Amino acid sequence: MSDFEAIVIGGGHAGIEASLALSREGFKTLLITQNIEAIGRMSCNPSIGGLAKGNLVREIDALGGEMAHLIDASMIQYRILNRSRGPAVQAPRAQADKALYSSIARKTLESERNLRIFMDTVVDLLIEDGLVRGVVTERGNRISSDVVVLTTGTFMEGRIFIGEYDGEYGRLGERAAIGLGTKLREYGFNVGRMKTGTPCRVNRDSIDFDELEEESGDETLQPFSFDYDSVYRPHLSCYITYTNEDTHRIIRENIKYSPLYGGKIVGRGPRYCPSIEDKVIRFPERPRHQIFVEPEGLYTNEMYLNGLSSSLPERVQIEFMRTIPGLRHVEVVRPAYAVEYDYLDPLDLYPTLESKILKNLFIAGQTNGTSGYEEAASQGLVAGINAAQRLKGAEGIVLGRTDSYIGVLIDDLTLKGTKEPYRMFTSRAEYRLKLRDGSADQRLTPIGRRAGLVGDEKYERLLDKLSKIDEMKDYLKRNRSKTQNKSLYDELKEPDVSIFSFDSLQSYSNEVKREVELEVKYEGYLKRQEIDIERVKRDESVKIDSDFDYDKVDGLSSESREKLKMVRPMTLGEASRISGLRVSDIALLQMALRGKRHD
């Protein structure tokens, strides 16, 4: 008999969701972390949400995850981004009280009856006949389990860089997890190196705020979670400043001291969140770059300089920062640094996030090559759900890219892989109008219910919302406009008509009003999308056996044959999305699968 039914390695955002999912489904779970005080720590930007990322957070909540509750209880600023644009690209974002977020995350984990937290470092896996059976720790503990979820973040063989200094750390002041990456290479995993970075933190009292542009949040805070209608938290402002030619000159003069340009760092960094030296070198024509000065919390003087990540020496960091308006007298609390770490090729994963190399091993978060708290938490939740499905002897749950941003994320990773830190964008989702943040509960709460993470209260809340939506639509269709000879439903389709101008709907919640307004105004677009989605789902319904012999498909190109063997898609739909496969090869595969079904 195993010591635990499940072991989760790592206490970051992926580990939190995985361990809660498993323990809440009734399984005896052990969360192993190097530092209990660092659970849920925000290594970089102290915020949750943003474009596409906010949609991920609401989807996590709809499935029964925890991230939305954590940010709702710790936010210190809230904004709807792209409010002036269409609903497909709008998204909620909240600044977090960093210490409070971590504290609540730890308390939430400690409150779970089936979950135990243990402080140690995992250096190896227990394996029997290709099955993962537990872990081995640095202190020699051999702990058995039926499933393992790996969420090591930036700590697996991590190394930080500040100018000529480097050391074995996953975060500044927190030592790396050494040994596990080497073992995984021995077991046949495709292990690569990635790089990310974080700006320095500075003393609030050393900032000249009268030289900065103030950016306040929305007056009304809105919850990320669907479980309640309002949230009340203190508000803090953020601020904006800009680099200039003096800043750029100092960076160019000292670029030789950057480990990124000196060859010490070999891992690929994030394309969409480059260091300030990257911006200066790659975009020499730009006279300035925007910097956001953001509070780290209510009870700390530390401020975060968003957009100013760097791996230059500390003396150079101070020198170039003091050329920036508002930062001319700045005092550094923590320097900026780059971190390089091991990641595992996500092509070696099934869409359930189980490893194709070792059965009963599920992998989530930055370990799969992603960037961002929200992307990590999404994977952690899916990995935890499917590890629980394995323990129950049930079929894995796969989220489709037509149903969720989480599905897009996992589909991209497991079918296309990634050579640089993967970040979610609205542009990655073909059906983003359907995947707007306000509809996440309608799309995913029934799946969370099936997985065992959504209780009666949350599910009844969804049913009530759906009932109110239908009721309001029926009312709009039955009642005529006082100013136009048409129904209120048709009047609402006019671009300059807002549902909030209809006095007769005051008894309905703003959330229901918003959803009805969007569904009515974009009815035609949504119907066209549904036609495309049905076609995609037909391809997804064509299953491919894991042992399907691609060598027997006549006419298949050798390149496509090798890619299909490597990825091992589970459906025809997945096969059609593998990068580089020809349309003609997909047609041949479809014919072969059709013939196999008729055998």
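Residues numbered from 1 in each chain as written. Predicted model: local features only at pLDDT ≥ 70, side-chain atom pairs only at ≥ 80, totals over all residues. Heavy atoms only, no water.

### A word on the overall build of the protein chain
At step 1: When helices and strands are tallied, the protein chain shows 19 helices and 22 strands.
At step 2: For 599 residues, the compact-globule formula gives about 25 Å, and the C-alpha radius of gyration of the protein chain, at 25 Å, lands near that figure.
At step 3: With respect to the principal axes defined by its C-alpha atoms, the protein chain has extents near 70 × 70 × 50 Å.
At step 4: In the protein chain, once contacts between residues fewer than 6 apart in sequence are set aside, the share between residues at least 24 apart is 72%.
At step 5: Surface exposure of the protein chain reaches about 25300 Å², of which carbon and sulfur atoms provide 46%.
At step 6: Taking the 86 positively charged and 94 negatively charged side chains of the protein chain as two groups, their mean positions are separated by 2 Å. (Helix = DSSP H or I, 4+ residues; strand = E, 2+ residues; numbered from the N terminus. Rg over C-alpha atoms; globule rule 2.2 N^0.38 Å. Contact = heavy atoms within 4.5 Å. Areas by Shrake-Rupley, 256 points an atom, 1.4 Å probe, with all protein chains shown as cover. Lys, Arg positive; Asp, Glu negative; His and termini not counted. Charge placed at Lys NZ, Arg CZ, Asp CG, Glu CD.)

### Section: the side chain of Asp278
At step 1: Here Asp278 shows up in helix α8 (residues 276–282).
At step 2: Residue classification places Asp278 among the buried residues on the basis of a relative accessible area of 14%.
At step 3: Those residues in contact with Asp278, other than ones at most four positions away along the chain, are Leu260, Tyr261 and Phe283. (Buried < 20%, exposed > 50% of the residue type's maximum accessible area, 1.4 Å probe, protein only.)

### Section: the side chain of Thr367
At step 1: Within the element layout of this structure, Thr367 appears in the loop between β22 (361–363) and α10 (373–392).
At step 2: Residue Thr367 is classed as buried on the basis of its relative accessible area, which comes to 0%.
At step 3: Within the local environment of Thr367, its side chain forms a polar contact with the backbone nitrogen of Thr152, the two atoms lying 3.0 Å apart.
At step 4: Polar contacts involving the side chain of Thr367 include one to the main-chain amide nitrogen of Gly153, which spans 3.4 Å. (Polar contact = N/O pair within 3.5 Å; in protein donor to acceptor, adjacent residues only side chain to side chain.)

### A look at the sheet that holds strand β11 (residues 165–167)
At step 1: A sheet is described by the order of its strands in space; here four strands give the open sequence β11-β10-β21-β14, paired in antiparallel fashion. Every other strand in the sheet has two partners, leaving β11 and β14 (191–198) as the edge strands with one partner each. Pairwise comparison of adjacent strand axes, ignoring direction, gives a mean angle of 20° for this sheet.
At step 2: Of the strand pairs in this sheet, strand β10 (residues 159–162) and strand β21 (residues 337–344) are connected by three bridges, and their pairing is antiparallel. Bridging from a neighbouring strand, Ile160 pairs with Val339 of β21. (Pairing = 2+ DSSP bridges. Axes fitted to C-alpha atoms, helices over the stretch in contact; angles between N-to-C directions.)

### Let's talk about the packing of aromatic side chains
At step 1: According to the stated counting rule, one finds four aromatic pairs in the structure shown.
At step 2: Ring geometry for Tyr522 against Tyr525: centres 6.1 Å apart, planes inclined by 45°, an arrangement best described as tilted.
At step 3: Note on Tyr522: relative accessible area 25%, which makes it partly exposed.
At step 4: Relative to Tyr550, the ring of Phe548 has its centre 5.0 Å away and its plane inclined at 70°; by these criteria the two rings are edge-to-face. Accessibility classification places Phe548 together with Tyr550 in one group, the buried group. (Phe/Tyr/Trp six-rings, centres within 6.5 Å; stacked < 30°, edge-to-face > 60°.)

### Notes on empty space enclosed by the protein
At step 1: Under the criterion given, the structure shown has two cavities of 30 Å³ or more.
At step 2: Its volume calculated, the largest cavity comes out at about 50 Å³.
At step 3: Within the residue set of the lining of the largest cavity, elements represented by two or more residues are α10 and α12 (440–451).
At step 4: Across the lining of the largest cavity, the residue classes tally to seven nonpolar, two polar and no charged.
At step 5: Lining the second largest cavity are Leu349, Tyr350, Pro351, Lys356, Thr414, Leu415, Val567, Arg568, Pro569, Met570 and Glu574.
At step 6: Counted by class, the lining of the second largest cavity contains seven nonpolar, one polar and three charged residues. (1 Å grid on protein atoms, 1.4 Å probe; cavity = no way out; pocket = protein on both sides within 12 Å on 5 of 7 lines; lining within 4 Å. Points joined across faces, edges and corners; volume = space filled by probe spheres on them. Nonpolar A, V, L, I, M, F, W, Y, C, P; charged D, E, K, R; others polar.)

### Describing the packing of α10 against helix α11 (residues 405–416)
At step 1: Running from amino to carboxyl end, α10 crosses α11 at an angle of 85°, the nearest separation of the two axes being 10 Å. Put simply, α10 runs roughly perpendicular to α11. Here Glu375, Ser378, Gln379 and Val382 of α10 come into contact with α11, specifically with Ile406, Leu409, Ile410 and Leu413.
At step 2: Among the residues forming the contact of α10 with α11, the class breakdown is five nonpolar, two polar and one charged. (Parallel < 35°, antiparallel > 145°, perpendicular 65-115°, else oblique.)

### Here we look at the pairing of strand β19 (residues 302–306)
Looking along a regular strand, one sees side chains alternate from face to face of the sheet.
At step 1: The buried fraction of β19 amounts to five of the five residues, a majority that puts the element mostly inside the structure.
At step 2: Examined bridge by bridge, strand β15 (residues 201–203) and β19 share three bridges and lie antiparallel to one another. Counterpart to Asn203 in the pairing with β19 is Glu302.
At step 3: In the sheet, strand β18 (residues 290–295) pairs with β19 via four bridges, with the strands oriented antiparallel. Pairing of Val293 across the sheet is with Leu305, part of β19.
At step 4: A loop of six residues connects β18 with β19, the two strands running antiparallel in sequence.

### A word on the sheet that holds β18
At step 1: As summarised here, the arrangement of the six strands in space is β16-β17-β18-β19-β15-β20, forming an open sheet in which the pairing is antiparallel. At either end of the open sheet lies a strand with only one pairing partner, and these are β16 (213–215) and β20 (332–334). Sheet twist, expressed as the mean angle between neighbouring strand axes with direction ignored, is 35°.
At step 2: Here β16 runs beside strand β17 (residues 238–242); their pairing, made up of three bridges, is antiparallel. Note that in β17 the partner of Glu215 across the bridge is Cys238.

### A look at the state of the cysteines
At step 1: Inspection of the entire model under this criterion finds zero disulfides.
At step 2: Sulfur of Cys200: no disulfide; nearest cysteine sulfur belongs to Cys44 and is 11 Å away.
At step 3: Just so you know, Cys238 is unpaired, no disulfide at all, and the nearest cysteine sulfur is the one on Cys44, 14 Å from it. (Disulfide = S-S within 2.5 Å.)

### Quick look at the domain arrangement of the protein chain
At step 1: When its domains are assigned, the protein chain resolves into domain 1 (4–156 + 166–191 + 343–451), domain 2 (201–340), domain 3 (456–529) and domain 4 (541–598).
At step 2: Relative placement of domain 3 and domain 4: their C-alpha centres are 44 Å apart. (Domains from an automatic or database assignment.)

### Quick notes on the pairing of strand β4 (residues 75–81)
At step 1: Summarising burial for β4: six of the seven residues are buried, a large majority.
At step 2: Sheet topology note: the β4/strand β5 (residues 91–96) ladder contains six bridges and is antiparallel. Bridged to Met75 within β5 is Ala96.

### A closer look at α12
At step 1: Taking 1.5 Å of rise per residue, the twelve residues of α12 would be expected to cover 16 Å, and the 16 Å separating its terminal C-alpha atoms lies within 8% of that figure.
At step 2: Restricting attention to buried positions, one finds in α12 the residues Ala440, Asp441, Arg443, Leu444, Thr445, Ile447, Gly448 and Ala451.
At step 3: Looking one or two residues beyond α12, the residue adopting positive phi is Gly452, at roughly 100°. (Expected span 1.5 Å × (residues − 1).)

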